[in-house]
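Results of the structural survey
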Amino acid sequence: MITFSQTTIKEIEEIRRKYPTSRAALLPALYVAQREFGWLSPEAYTAVSDLLGVPEAIARGVGTFYAMYRNKPLGRHVVQLCTNVSCMILGAERLVDFLKNKYGLEPGGTTADGRFSLVIMECIGACGTAPAMLVNDDFYENLTEKYIDEILEKYR
Amino acid sequence: MITITINGKEIKLEKAMTVLEAARSAGIKIPTLCYHEQLEKYGGCRLCLVEVEKMPRLQTSCTLMVTDGMVVRTETEAIADVRRGILEFLLINHPLDCPYCDKAGECELQDLVEKYGPTTSRFREKKRKVTENLQDPVIVRNMERCVMCTRCTRMCEGVQGASAIAVISRGGHSHIEPFSGNRYDCEYCGNCVSVCPVGAIMSRLHRHSYRPWQVKENIETTCPYCGVGCTLVAQVRDDVIKRVVPKIGSPVNNGMLCSRGRFGYEFVGHKERLTVPLIKKAGVFEEATWEEAIGLVAKRLGEARDKHGSGAIAGIASPRCTNEDNYVFQKFMRVTLGTNNIDSTARMGYAGAQAFIENIFGQGATGNIISGLSNSDTVLVIGGDPTTVNPILGLQIRACSRRGGTILTVGHVPGLQHFTPMELKPGRRQETLLLECVVTALVSRKGLPGSNQRLEEKIKVVNADIATVAGQCGLHEKEMTDFIDSLAGAGTPAVVIGKELVQACNSGYRLFLACAISYLINGRIYLLCDHANEQGVLDMGCAPDLLPGYRPLSYAEFRKRYETAWKTTLPEKNGLNIFDMIAAAGSGALKAMYVMGENPVFNLPDSKTTVAALQKLEFLVVQDIFMTETARLADVVLPALSWGEKYGTFTNMERRIQRVRKTVGREGMEDWRIVAEISKHMSVRMHYADSGSVFEEITKVSPLHRDLTYDEIAEGATIYPYKGEPLRGATEEIRTDRGMTCPEGGLFLGIDRPLFHSGTLSRMSPALGKICPDAVLRINPETAATLLVADGDIVRVSTATGSLELPAVLDKHADRSVVLVSNIFEGRGVLGLMAAALDPVLGSPVLDTIPATVERVGKAKV
Ligand code: SF4
Ligand code: SF4
Ligand code: SF4
Ligand code: FES
Ligand code: FES
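Owing to the predicted nature of the structure, the values given are computational and were not obtained by experimental measurement. (Residues numbered from 1 in each chain as written. Chains lettered and ligands numbered in written order. Predicted model: local features only at pLDDT ≥ 70, side-chain atom pairs only at ≥ 80, totals over all residues. Heavy atoms only, no water.)

Summing up its helical and strand segments, chain B has 27 helices and 34 strands in all. In terms of overall size, chain B behaves like a compact globule, its C-alpha atoms giving a radius of gyration of 29 Å where 862 residues would be expected to give roughly 29 Å. Overall, chain B is about 90 × 70 × 65 Å in size when its C-alpha atoms are taken along their principal axes. For chain B, the proportion of its 862 residues judged to be buried stands at 61%. Partitioning the intrachain contacts of chain B with sequence separation of at least 6 by distance along the chain shows that 71% fall at a separation of at least 24. Of the side chains in chain B, 100 bear a positive and 99 a negative charge, and the two mean positions are spaced by 3 Å. (Helix = DSSP H or I, 4+ residues; strand = E, 2+ residues; numbered from the N terminus. Rg over C-alpha atoms; globule rule 2.2 N^0.38 Å. Buried < 20%, exposed > 50% of the residue type's maximum accessible area, 1.4 Å probe, protein only. Contact = heavy atoms within 4.5 Å. Lys, Arg positive; Asp, Glu negative; His and termini not counted. Charge placed at Lys NZ, Arg CZ, Asp CG, Glu CD.)

A word on unusual backbone geometry. If a residue is not glycine, its phi is most likely negative; likewise, a peptide bond is most likely trans. Alanine 130 of chain A connects to proline 131 of chain A through a cis peptide bond whose omega is -10°. As for its placement among the helices and strands, proline 131 of chain A is situated in the loop between β2 (116-121) and β3 (133-135). Despite not being glycine, asparagine 254 of chain B has its phi angle at roughly 30°, a positive value. Positionally, asparagine 254 of chain B belongs in the loop between β12 (240-245) and α6 (259-263). Phi at lysine 567 of chain B is positive, roughly 50°, even though this residue is not glycine. Here lysine 567 of chain B shows up in the loop between α19 (556-566) and α20 (578-587).

Here the focus is the pairing of strand β25 (residues 619-624) of chain B. Residues and elements named next belong to chain B. The buried fraction of β25 is high, at six of six residues. Neither face of β25 is exposed, since Phe619, Val621 and Gln623 on one face and Leu620, Val622 and Asp624 on the opposite face are all buried. Sheet analysis places strand β24 (residues 592-596) next to β25, joined by five bridges and oriented parallel. Each residue of the ladder has a partner; that of methionine 596, found in β25, is glutamine 623. (Pairing = 2+ DSSP bridges.)

As enumerated under the stated definition, the model contains 19 aromatic pairs over all chains in all. In this structure an aromatic cluster arises from ring pairing among Tyr31, Phe65, Tyr66 and Tyr69 of chain A. Between the NZ or CZ atom of arginine 659 of chain B and the centre of the ring of tyrosine 710 of chain B, over which it lies, the distance is 3.8 Å. (Phe/Tyr/Trp six-rings, centres within 6.5 Å; stacked < 30°, edge-to-face > 60°. Lys NZ or Arg CZ within 6 Å of the ring centre and 35° of its normal.)

Moving on, we get to the interface of chain B and chain A. At the interface, 15 residues of chain B touch 17 residues of chain A. With both chains or domains summed, chain B and chain A bury close to 1,200 Å², and 56% of this area falls on carbon and sulfur atoms. Scanning the region where chain B abuts chain A turns up three salt bridges. Between arginine 60 of chain A and glutamate 177 of chain B there is a salt bridge; the shortest N-O distance is 2.9 Å. The interface formed by chain B and chain A includes seven residue pairs in polar contact (both at pLDDT 80 or more). Residue assignment for the side of chain B that touches chain A shows that the elements contributing at least two residues are β7 (165-168) and β8 (175-178) of chain B. Ranked by the residues each element gives to the side of chain B that touches chain A, the list is headed by β7 of chain B, at four residues. When grouped by side-chain class, the residues that make up the side of chain B that touches chain A number seven nonpolar, four polar and four charged. (Buried area = accessible area lost by both parts, 1.4 Å probe. Salt bridge = Lys/Arg side-chain N within 4 Å of Asp/Glu carboxyl O. Polar contact = N/O pair within 3.5 Å; in protein donor to acceptor, adjacent residues only side chain to side chain. Nonpolar A, V, L, I, M, F, W, Y, C, P; charged D, E, K, R; others polar.)

Moving on, we come to the sheet that holds strand β29 (residues 748-752) of chain B. All names here are of chain B. What the six strands build is an open sheet, ordered β29-β33-β30-β32-β31-β34; its pairing is mixed. Two strands bound the open sheet, and with one partner strand each, they are β29 and β34 (853-858). Neighbour-to-neighbour, the strand axes of this sheet turn through a mean angle of 40°, independent of strand direction. Strand direction decides the pairing type here: strand β30 (residues 777-779) and strand β33 (residues 818-822), joined by two bridges, are antiparallel. Paired with arginine 778 across the bridge in β33 is leucine 820. (Axes fitted to C-alpha atoms, helices over the stretch in contact; angles between N-to-C directions.)

Around ligand 1, the structure places Ile139, Cys156, Ala162, Ile165, Tyr184, Cys186, Glu187, Tyr188, Cys189, Gly190 and Cys192 of chain B. A breakdown of the residues in the shell around ligand 1 according to their chemical character gives nine nonpolar, one polar and one charged. (Near = heavy atom within 4 Å.)

Taken together, the side chains of Val85, Met88, Ile89 and Leu90 of chain A present a nonpolar region at the surface, about 390 Å² in accessible area. If you trace the backbone, leucine 90 of chain A turns up in the loop between α5 (85-89) and α6 (92-103). (Patch = residues over 30% accessible without salt bridge, like charges linked within 9 Å, V, L, I, M, F, W, Y side chains within 5 Å. Areas by Shrake-Rupley, 256 points an atom, 1.4 Å probe, with all protein chains shown as cover.)

As a further point, take helix α7 (residues 145-153) of chain A. Residue and element names in this part refer to chain A. All of the buried residues in α7 are Ile148, Ile151 and Leu152. Buried residues of α7, viewed axially, fall in a sector of 90°; they line one side. Projecting away from the buried face of α7 at angles above 90 degrees are the exposed residues Lys146 and Glu153. Where α7 is buried, its residues meet β1 (77-82), α6, β2, β3 and β4 (138-140). (Arc of directions from axis to C-beta.)

Okay, the packing of helix α2 (residues 77-92) of chain B against helix α3 (residues 108-116) of chain B next. Two quantities define a packed helix pair, namely the angle between the axes and the distance from one axis to the other. All names here are of chain B. Two elements in contact, α2 and α3, have axes separated by 10 Å at closest approach and are oriented at 135°. One finds that α2 runs oblique with respect to α3. Viewed along their axes, α2 and α3 form a crossing whose handedness is left-handed. Where α2 abuts α3, its residues Arg83, Arg84, Leu87, Leu90 and Leu91 lie against Leu109, Leu112, Val113 and Tyr116. The class makeup of the residues in the contact of α2 with α3 is seven nonpolar, no polar and two charged. (Parallel < 35°, antiparallel > 145°, perpendicular 65-115°, else oblique. Left-handed = near helix turned anticlockwise from the far one by under 90°.)

See below:
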């Protein structure tokens, strides 16, 4: 049985008060839970469900629908690379191959050392400066292979 | 009046409805898949598309409301084209394994594709592959077959209210799962199974053992489990019940069932059923012929009567048996043996509580329509969890909440926790005080209605003010006033009373307070009822003070009437009740006993005393369907036909009389027939050709059941007071004695009432056994921590009368001062450990004052 930190519990209770029903508070509450544990484990769902009084199955239904929730453990840093139209035209697929060959990082996968996970995104709203990606909450654009090397260097 | 035209046919409608409903009412078929009449409308599958003049696109008829002058076409080339397309899409990922699928033959997808579908697919890619999930003992999920209609989740969430399954993931990966992804942790109602249009969620009980078209008969009958009395349809092949399904439109349960009703039918064909009469010789049972066994019973009962007098014989009737069985049984006791010593386990609470309520409000006061609960604006629940005792009644309370009604509970009710109840949780010992306070506050807020002087006299004496009580109960004044305000403002309230009130200390007084609350807010009372025919057993006169038709024996006028009908003289004095019987057997005053369809050793408190008492009898005959703890003590055991093998009637808690029908054959006799045979051997002839002729006699002698026929019952029209006369004005003094004082502090033993079991029948139903295999000790995590008990540890729970070893289950819903054990499993029944006093008013045992100790004896298996 996992438990949230006191700050997380407070935050979720705070969120709960802002919404008319506990189900409405589910999205932000799950997000907070994910922040605390890195992903939404069955125990995390149970903990959110207990805190909000929303049935577990419903919480998990919501958490598996949206792409921004992680339902399996990820690496320490999450790379979210866009391969939608603009990024694709400007070489995003080459970058996917690059990550695979150089870092052993497959779409949806995690490096053997647990350092990075890669998630393929559908347009992150940076079409003008494509190709683009996020590493954790940091945003990078006009990507090239060399630039990616530099960026990833920063994340240990 | 709304007029619409569908396919050129003019249809006049009284009220607004959807186009689909309008079409159906006129016999026009529109294909559907996600639509289901029990569920909220969804509009997801698009198969029901129709053309509507002056509307730009095709419309989903299942969601579109009719308007006056609407012109609709349901079968055009354009529509057919769209339907073909939709079905082609659905089949992209569908395995088309109909030859292997249990649903084939009643599968809506199969029927639709056969009628509208493409014969070939243009899709060449690989199909989605998901292995069938067999992790659950009762429900199989085959998600390849799922068409994402969400009927199951809408059922589970919107009607059942369990919210145990959901659509997981999205797009082409969507599938239905319980939270664990494997085994269900749910109410196992199986209602998701009955609405799934394809073979994606199915029952494992009949897996690959029959095809829908091999069902010879669909036999409509009444559930053998609880007092709700749901209609079930038994599907039979080769003389075996293969499946039980509900019936949409049935009066009590309208297409819904609970786990017991749906999955609890296997006891009928259980291999341990008793089949031959047994006679104990030198302590060992030997098989005997019916002739021998019946002859022996007649002889021994006759001897006991002649030697010791009628008063030395007693009979226990059965809330599991039909009205017909019970009627003949009490007639045998009264006429053939000449004693009023007849009772049943209804004495454990239902009988006393009902008599108490009726003494205040008149006969039939608890006979309220279950489905009416959902239309109440306020439901007050006192004394337990209706969603486990009477599950389908529980659903009505959930529906009430969903419709905006207010749910108020005294104590914590786990089954209603997601239905925004207003809860008042006094310490277990303070409930009496709290109820007094509610009564006082209601009087000051609403005044006395003036219609029941006898009751008001008593109400005036009650006095407890909010501030003091809040302090003593550890509650906030605000939550109490909010609660009382809600009650006071209720327009159409209902009060649901459960066993936890009826079997508590002060139960008589608490019941008076509950009645007072109900009176002050003008509520209807629902008295929860454990057994399928608990009402019937009383109505048939299987009570020491009642004659058939629920007529008091003490009235000479009634006695006369039965004496004429039965051509006999009846003993004037009330007989012994079930507890007196055990005491009299123990003291040696009672010499012989006849037990029909009951297991007093297990189902009465304090098994040691019961066993010792029964062993003292000179003669004990037990008639049952299994070798029970009580049957083992008998001199003669008579095997009876069970529910499912005989015809008859049950009377549910609404006092609705309903038919029980034979579904499968077995050699043997119905309970009533065995009794009549014994009577014949004692030279008192009872002539009944079949259960119908027993019922006919009931309707002749019982003023309550006058002139009813089986045919009328089949129409479901037999709601209390039928065509007969209810009894008004039998008014004894309303008693308000408090009985024993509630002990403070310490740890007490309580009864766990699992949703999945009832006892004798359920423990012999393998599917229910797989869902809930054994007894556990439920304990609050905080209490457990102080005792150093961890989840799964083996603990010994002891009382003054004995002890049990069980695995502990930490349950946050349990009160800190109680540990709960069920009374279901052989050798591990909680009642056996409870040497209980009786409440002086209700005469039911006080079961919440048994001190218990819990110690850890073994570690949890990891
Ligand atoms: S069996 Fe009942 S409670 Fe369980 S998932 Fe199905 S509908 Fe829900
Ligand atoms: S499992 Fe059955 S009811 Fe549920 S969505 Fe799939 S096809 Fe519909
Ligand atoms: S609610 Fe009662 S009567 Fe209905 S199916 Fe369940 S056990 Fe049977
Ligand atoms: S397509 Fe990549 S950011 Fe929009
Ligand atoms: S039945 Fe109308 S959309 Fe499914």
